[in-house]
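# Topology and contacts: notes
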Amino acid sequence: MRFRGNKRFASAVGLVLGLLCAVEAAKVNKHKPWIETTYHGIVTENDDKVLLDPPLIALDKDAPLRYAESFEVTLTEEGEICGFRIHGQNVPFEAVVLDKSTGEGVIRAKDKLDCELQKEHTFTIQAYDCGEGPDGANMKKSHKATVHIQVNDINEYSPVFKEKSYKATVIEGKKYDSILKVEAVDADCSFQFSQICNYEIVTPDVPFTIDKDGFIKNTEKLSYGKERMYKLTVTAYDCGKNRASEDVLVKISVKPTCKPSWQGFSKRIEYEPGTGSLALFPSMHLETCDEPITSIRASIELETNHIGKGCDRDTYSEKSLHKLCGASSGTVELLPAPSSSANWTVGLPTDNGHDSDQVFEFNGTQAIKVPDGMVSTSLKEPFTISVWMRHGPGAHEKETILCNSDKTDMNRHHYSLYVHNCRLILLLRQDPSEAENYKPAEFHWKLDQVCDKEWHHYVLNVEFPTVSLFVDGTTFEPFLVTEDYPLHPSKIESQLTIGACWQDNSGHDNDTETVSEPTSDLRNGSTITQGGNARMAQFFRGNLAGLMIRSGKLENKKVIDCLYTCKEGLDVQLPEEVASAVKVEFNPNQSSLTVEGDDIDAFDKVMQHISYLNSRQFPTPGIRHLRISTTVKCFNEESCVTVPDAEGYVMVLQPEEPKISLSGIDHFARSAAEFESQEGVTLFPELRIVSTITREVEADAESEAAEGADDDPTVQETVVSEEIMHNLDTCEVTVVGDELDGEHESLEVDMSQLQQRGLEMSSSNLGLVITGVNTMANYEQVLHLIRYKNWHTEALFDRKFKLVCSELNGRYISNDFKVEVNVIHTASPVEHANNAMVQPNFINPVHHASVDLSGHNLVNAHQASVVPSAATIVIVVCVSFLVFMIILGVFRIRAAHQRTMRDQENGKENEMDWDDSALTITVNPMETYEDQHSSEEEEEEEEESEDGEEEDDITSAESESSEDEEGGEPEDQQGASRQQQLEWDDSTLTY
C-alpha cells in the first residue's frame with residue numbers, strides 16, 4: 001500500500017510540472033497598459049478625496065494571463081496593473097491602485113489643501129503593469145495622461161475692513177450723494193465666499209445710510225449746532241453670510257457753513273537760533289468756498305516793535321555799529337554804556353529788558369551834562385547827528401533831546417535838537433560874522449513818527465545852510481525854515497546837555513523857560529538833574545539811544561540804511577513756475593510784504609515759501625506776532641467773499657548762552673629794572689580767550705559710547721560743552737587797589753596794532769578800555785601787548801589788575817581774570833672804585849634759576865623769584881649760611897683725609913673717623929700696617945659717600961674749633977700723636 005501511494009504522488013507532480021512548463025513557454029508581456037489622455041478632478045480644501053472625470057482605470061490587452069510581481073500559480077482571466085506614477089514638481093497628490101486585476105485606482109491629496117494658496121493643480125499620471133515573471137521583468141508603462149484638479153473653497157474667512165477707522169468732514173446744511181466709502185475684503189478664494197454682499201450701519205438712529213458697495217451718505221441735512229461729530233459702527237457680510245470679524249468705527253465731523261479763510265496755518269511757529277530760514281506757512285492754502293475769484297492780495301506783517309529798538313538788531317555800542325557800517329572816523333557817542341572811561345550816563349535809568357540794548361529813559365525830570373571837550377563841532381564844517389528815539393504825544397512844551405548853550409550869564413542856545421507839538425526842530429545859530437544878515441536858524445519837520453510811541457531812527461546831515469533828515473532810512477524835507485541873526489560875539493563857554501537845556505538863572509532868558517530852585521546831584525563827573533532844577537529847562541519825556549555826533553563828514557545813504565536795517569525779517573524764495581504769476585513787494589526793513597496774483601494755486605505756493613530769518617548769532621528770544629490781511633476780488637462784486645485776518649506768532653527760542661573764559665598766568669614777578677625799562681612788563685603774556693556753550697542732548701545719542709547707559713532709566717539727557725567762535729566788543733583792564741599815579745606809572749599798548757584791527761583804546765587812572773567789534777583771536781593778540789610801566793619802584797612790592805571782556809555791549813560777560821605782579825628788589829652793591837666792574841648781588845639768573853621762592857611762577861629765564869624785599873634778605877642770609885656750611889664740611893673732610901695719609905706714612909695707629917657720638921671703639925694694638933691701610937681706604941670711601949649727611953651734623957662750635965686747629969697748628973705738631981688726630985667729638989668714646 002505504501003508503495004502504491006508513492007507512485008500516485010509522483011505521477012501528480014509530474015503532471016503539474018508538465019503543465020507549468022507549457023504555460024511558461026507560452027507566457028510573454030506584449031502590450032502596454034492603457035489609460036485616458038485627460039482627467040478632470042475636484043477636491044474640497046481641507047479634504048483629501050479627489051473626484052475624477054472619467055474614473056481612473058488602466059486596461060491591459062495581455063489579459064487573461066496574469067503577470068504578477070510575485071511567484072503564484074493561480075490562473076486568472078484578466079491582466080493586472082501594479083501601480084500609477086505621478087509626474088511633476090511638488091505635486092501634493094498621490095495615485096493608489098484599488099484593484100490590480102481591474103486596473104482601478106484613485107487620486108488623493110497627501111495633505112490638506114488651501115484654496116487661498118492655490119486654486120488649481122495640473123500634473124501628469126502614468127500606469128504600469130507587473131511585468132514578466134516573479135521579478136517583474138519586461139514591465140510595461142502606459143502613456144502619460146494630464147490631470148487637472150480644482151480645489152473647491154469653503155467659507156472659512158470673515159470680512160475684514162481695510163482701515164482701522166474712517167474719517168470724513170461735511171459742511172452743515174448739505175445733502176451728499178456720498179460722504180465716504182468703507183471697504184472690507186474677504187480672504188476666501190472663491191468668488192462666492194470672497195465677495196462682500198452687504199454693509200450695515202450697526203449704530204441705531206443716525207441720519208446716515210450705507211449701500212452694498214460701502215458708500216455712506218446722509219439722509220438729512222446736518223446741523224453743526226446740533227451735532228459736531230457722529231460716530232458710526234459699520235459691519236460687513238460676505239456672500240456666504242459670514243459677518244466681519246471686527247466692526248469698524250466711522251467718524252463724520254460736521255463743519256459750519258463754508259467761510260473763506262486761510263487753512264492749514266499753525267498759530268505757533270518755533271524758531272531755533274542759528275537754523276537759517278524757517279518756512280512759516282508750509283501747508284497753508286486759501287479756502288474760497290468755490291467762489292470765482294479774479295484777484296487776491298495778501299499783506300503779511302511781522303510785528304517786532306517790542307523787540308529792542310523796533311526789531312532784532314546787533315546790540316553793540318552805537319560807535320561800534322557805525323564802524324561796522326562804514327562810518328569809521330569822527331564819531332562821538334554821547335549816550336555810551338556806563339564805564340570807567342565814560343561815566344556821565346551812570347545815573348540815567350536804562351531799559352535792561354531787551355538783552356542789553358542801551359536804552360535810556362528820560363521822564364521829564366532828568367538830564368545829563370556831557371563832559372567838556374567830548375564834542376568839538378564847528379558849525380562851519382559839515383556834521384551829522386543821529387539818534388534812536390521813542391516819543392509819545394506829550395505836552396505843548398519844548399522837549400530837548402540835545403542842547404548846546406552858554407554855561408553862564410546869557411542863556412543863549414547855540415544849537416539844539418528838540419520836539420515840540422509832534423514836530424522835530426533843529427536850532428542852529430550861526431557864530432558872529434562880518435555880515436549880520438538873516439540866516440536859516442530853525443528847521444521844522446512835522447512827522448507822525450515823532451509821537452507814535454514807536455522806535456525810529458533819525459539822522460540829520462547838516463551842511464549849512466542845508467539840513468537833510470532821514471527817518472528810518474527815508475528822506476524828509478523840512479516844511480518850515482525860519483531865519484535869525486547870528487549870535488553876538490562872546491567869550492562865554494558853552495555846555496552840552498542831553499535831555500534838557502542848560503541855562504543860568506542870573507542871566508537873560510533868551511530861549512528857555514523859567515524854572516524853580518535847583519537840586520542838582522553830582523554823579524561821576526556828570527550832573528543828573530531831578531525835577532525843579534533852575535539850571536535845566538525843557539526836559540525830554542521818552543526814550544533815547546545811540547545819540548551820536550560825527551564831525552567833519554556827512555552820513556551817506558548806505559551807512560544810514562545799514563544802521564537801520566534789522567537782523568530779522570521776512571523772506572521768500574519764489575518757485576520758478578509761479579514767479580511770473582505772482583508779484584511780491586517788501587517794506588524797507590522786511591517786516592512786511594505784499595503778495596498779489598490771480599491764480600489761487602500759484603498764490604498758495606508763494607505763501608508756502610514765505611519764511612522767517614534771523615541772522616544774529618544770539619538773537620533776542622521772545623514772540624514775534626504774525627498777521628495776514630487778505631483782500632479778494634470776484635466777478636460779481638456784490639457776492640464777493642471776505643477773508644478774515646489770520647494771526648499767529650513766531651517764538652524765537654532762547655539761544656545757548658556762551659560762557660567767555662579768560663585764563664593764563666595770574667601771578668608772576670619781575671625785577672624792578674624791567675618795570676622801569678622802556679618796554680615795561682607785559683601783563684597778559686599767555687592769555688587765552690575761549691567761549692563755550694552747554695547743550696543738552698538726548699541720552700540715546702550718547703548711550704552707544706557709554707556701556708550700560710540704557711539700563712539706567714533715570715538717564716534722560718546728557719550735558720555737553722562745545723567751543724564756539726564769536727566776536728568781542730569790549731575788554732577792560734582795571735587796577736585793583738589804588739588808582740594809577742600818572743606821574744610814575746602807566747598802562748600802555750601799541751596803538752598801531754590797535755588801528756590795524758580797527759580797535760580803539762581809552763584810558764584813565766582806573767585802567768584802560770579797548771573797544772570795537774572784532775574776533776576773540778584779535779583781542780587775544782592785542783591784550784598780549786598791554787604793558788605796565790613804573791618809574792619809581794622803591795616802595796612798590798606788587799600791583800594787581802583785573803581783566804573783563806564782553807560781547808554785545810555787555811550781554812555776555814567773561815569771568816574776572818585777576819593778575820598779580822610782584823616786584824623783585826635787588827640788594828645794594830658794595831661801593832667800589834669802579835662800579836662797572838662789580839656784579840650786583842643775587843641778580844645773576846644762572847645762580848637762582850633753580851631756587852624755589854615761595855612757590856611763585858617764573859615765566860621766563862630772565863626773572864627771579866617772587867618775594868618781598870624783607871623775605872629776600874632772609875633767604876639770602878640762609879643761602880649764604882648754607883653755602884658756607886657746605887664749603888666748610890668739604891674742607892674739613894679733605895683735611896682729615898690728608899692727616900690720615902700722613903699718619904699712615906709714619907706708621908701711626910689708625911683710628912676710626914665715624915660719627916662716634918654713640919659708639920664704643922676698641923683698638924687692637926697688634927693691628928698691622930696693611931690692615932690699617934685697608935681700613936683707612938674703606939673709611940675714606942664711606943666718608944666721601946656720606947658728605948651730604950655729615951654736613952648737616954657739623955655744628956657751628958665744631959666748625960670754629962676745627963678752623964682754629966687747622967689754621968694754627970704747625971705740621972710737626974699735627975703728627976705728634978695718633979690720639980690727637982681725631983677731629984670728631986670723642987668725649988663718649990671708650991678705648
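Now for a look at the structure at hand.

What counts, and where the lines are drawn
Residues numbered from 1 in each chain as written. Predicted model: local features only at pLDDT ≥ 70, side-chain atom pairs only at ≥ 80, totals over all residues. Heavy atoms only, no water. Buried < 20%, exposed > 50% of the residue type's maximum accessible area, 1.4 Å probe, protein only. Helix = DSSP H or I, 4+ residues; strand = E, 2+ residues; numbered from the N terminus. Arc of directions from axis to C-beta. Contact = heavy atoms within 4.5 Å. Disulfide = S-S within 2.5 Å. Core = buried A, V, L, I, M, F, W, Y, C linked by side-chain atoms within 4.5 Å. Polar contact = N/O pair within 3.5 Å; in protein donor to acceptor, adjacent residues only side chain to side chain. Pairing = 2+ DSSP bridges. Phe/Tyr/Trp six-rings, centres within 6.5 Å; stacked < 30°, edge-to-face > 60°. 1 Å grid on protein atoms, 1.4 Å probe; cavity = no way out; pocket = protein on both sides within 12 Å on 5 of 7 lines; lining within 4 Å. Points joined across faces, edges and corners; volume = space filled by probe spheres on them. Nonpolar A, V, L, I, M, F, W, Y, C, P; charged D, E, K, R; others polar. Patch = residues over 30% accessible without salt bridge, like charges linked within 9 Å, V, L, I, M, F, W, Y side chains within 5 Å. Areas by Shrake-Rupley, 256 points an atom, 1.4 Å probe, with all protein chains shown as cover. Salt bridge = Lys/Arg side-chain N within 4 Å of Asp/Glu carboxyl O. Lys, Arg positive; Asp, Glu negative; His and termini not counted. Charge placed at Lys NZ, Arg CZ, Asp CG, Glu CD.

A word on helix α4 (residues 557-564). Buried residues of α4: V559, I560, L563 and Y564, and no others. Buried residues of α4 fall within an arc of 130 degrees about the axis and therefore sit on the same side. Along its buried surface, α4 packs onto α3 (318-324), β27 (383-390), β32 (455-463) and β33 (466-471).

Simply put, the disulfide is a covalent bond whose two ends are the sulfur atoms of two cysteines. This model, assessed by the stated rule, comprises eight disulfides. Bridging C403 to C501, the disulfide has an S-S length of 1.7 Å. Residue C403 is found in strand β28 (residues 399-406), and its partner C501 is found in strand β37 (residues 501-502); the two are separated by 98 residues along the sequence. Between the sulfur of C422 and that of C451 lies a disulfide, 2.0 Å long from S to S. In this structure the cystine formed by C422 and C451 twists about its S-S bond by roughly -120 degrees; its chirality is therefore left-handed. Here the residue C422 occupies a position in the loop between β29 (413-420) and β30 (423-428), and C451 occupies one in the loop between β31 (439-446) and β32, the gap between them amounting to 29 residues.

Turning to the nonpolar core, a few remarks are in order. Membership of the largest hydrophobic core comes to 48 residues, with the highest contact counts inside it found for F684, I689, L747, I770, L783, I786 and L803. When neighbours within four sequence positions are excluded, L783 is seen to be in contact with F684, L687, I689, C731, I770, L803 and C805. Ranked by size, the runner-up nonpolar core spans 40 residues in total, among them F383, I401, Y415 and W445.

Attention now moves to helix α5 (residues 600-608). Considered for burial, the residues of α5 that qualify are A602, F603, D604, V606 and M607. One side-chain oxygen at the N-terminal end of α5 lies 3.0 Å from the backbone nitrogen of D601; it belongs to D599.

Strands sit in the order β20-β45-β42 across an open sheet of three strands; the sheet is antiparallel. This sheet does not close on itself; its edge strands, each paired only once, are β20 (278-279) and β42 (568-572).

This part is about the environment of Q126. With respect to the helices, strands and loops of the structure, Q126 is situated in strand β7 (residues 120-129). For Q126 and P33, which are 93 residues apart along the polypeptide, the C-alpha to C-alpha distance reads 9.1 Å. Residues within four places of Q126 in sequence aside, it is in contact with I35, G83, F84, R85, H87, K141, S142, H143 and K144.

Applying the stated criterion to the full structure yields 14 aromatic pairs. Between W388 and Y564 the ring centres are 6.2 Å apart and the planes differ by 20 degrees, which places this aromatic pair in the stacked class. Remark: Y564 occurs in helix α4 and W388 occurs in strand β27; sequence separation between them is 176 residues. Each member of the pair, W388 as well as Y564, carries the same accessibility label: buried. Seen in terms of ring centroids, F675 and Y788 are 5.9 Å apart; in terms of plane orientation they differ by 75 degrees. Their pairing is edge-to-face. With a gap of 113 residues between them, F675 in helix α6 (residues 672-676) and Y788 in strand β57 (residues 787-790) connect regions that are remote in the sequence. Owing to a relative accessible area of 1%, F675 belongs among the buried residues under this scheme. By way of ring pairs, the aromatic residues F675, Y788 and F801 are connected into one cluster.

Looking now at the pairing of strand β15 (residues 215-218). Alternating residues of β15 divide into I216 and N218, all buried, and F215 and K217, none buried. In this sheet, β15 lies alongside strand β14 (residues 208-210) in antiparallel orientation, the contact comprising three bridges. Looking at the pairing, T209 lines up with K217 of β15. Connecting the antiparallel pair β14 and β15 is a turn made up of four residues, with G214 showing a positive phi of about 95 degrees.

We now examine the environment of N363. Tracing the backbone shows N363 in strand β25 (residues 359-363). Along the chain, N363 and F539 lie 176 residues apart, while their C-alpha atoms are 8.1 Å from each other. For N363, the side chain forms a polar contact with the side chain of T365, separated by 2.6 Å.

All right, on to unusual backbone geometry then. The general pattern is negative phi for most residues beyond glycine and trans for most peptide bonds. Following D53, the chain continues into P54 via a peptide bond in cis, with omega recorded as -5 degrees. Of note, the phi angle at N90 is positive, near 50 degrees, even though the residue is not glycine. Counting through the fold element by element, N90 comes out in the loop between β4 (81-87) and β5 (93-99). The exposure class of N90 is exposed, given its relative accessible area of 77%.

Attention shifts here to the layout of surface pockets. Quantified by volume, the largest pocket comes out at close to 960 Å³. Among the secondary structure elements, those contributing two or more residues to the lining of the largest pocket are α3, β23 (331-333), β53 (727-736), β55 (760-764), β56 (767-775) and β58 (798-807). Partitioning the lining of the largest pocket into residue classes produces 14 nonpolar, 17 polar and six charged.

Among the secondary structure elements, H456 is positioned in strand β32. A polar atom in the side chain of H456 sits 2.6 Å from the side chain of D472. Residues in contact with H456, not counting those within four places in the same chain, are V387, W388, M389, Q449, V471 and D472.

A contiguous patch of negative charge on the surface is contributed by E272, E656, E657 and E696. You can see E656 is positioned in the loop between β47 (646-652) and β48 (659-663). Note on E656: relative accessible area 32%, which makes it partly exposed.

Another point: the sheet that holds strand β54 (residues 745-748). Taken in spatial order, the three strands make up an open sheet running β50-β57-β54, and their pairing is antiparallel. Every other strand in the sheet has two partners, leaving β50 (681-682) and β54 as the edge strands with one partner each. Here β54 runs beside β57; their pairing, made up of four bridges, is antiparallel. Note on β57: the bridge partner recorded for S746 is K789.

Every second residue of strand β1 (residues 38-44) is oriented toward a common face, the buried set being Y39, G41 and V43 and the non-buried set T38, H40, I42 and T44. As paired elements, β1 and strand β8 (residues 145-152) share seven bridges and run parallel to each other. Its bridge partner lying in β8, I42 is registered against Q150. Examined bridge by bridge, β1 and strand β2 (residues 51-53) share three bridges and lie antiparallel to one another. Among the inter-strand pairings, I42 is bridged to a residue of β2, identified as L51. In sequence, β1 turns back onto β2 through a hairpin of six residues, with N46 there showing a positive phi of about 75 degrees.

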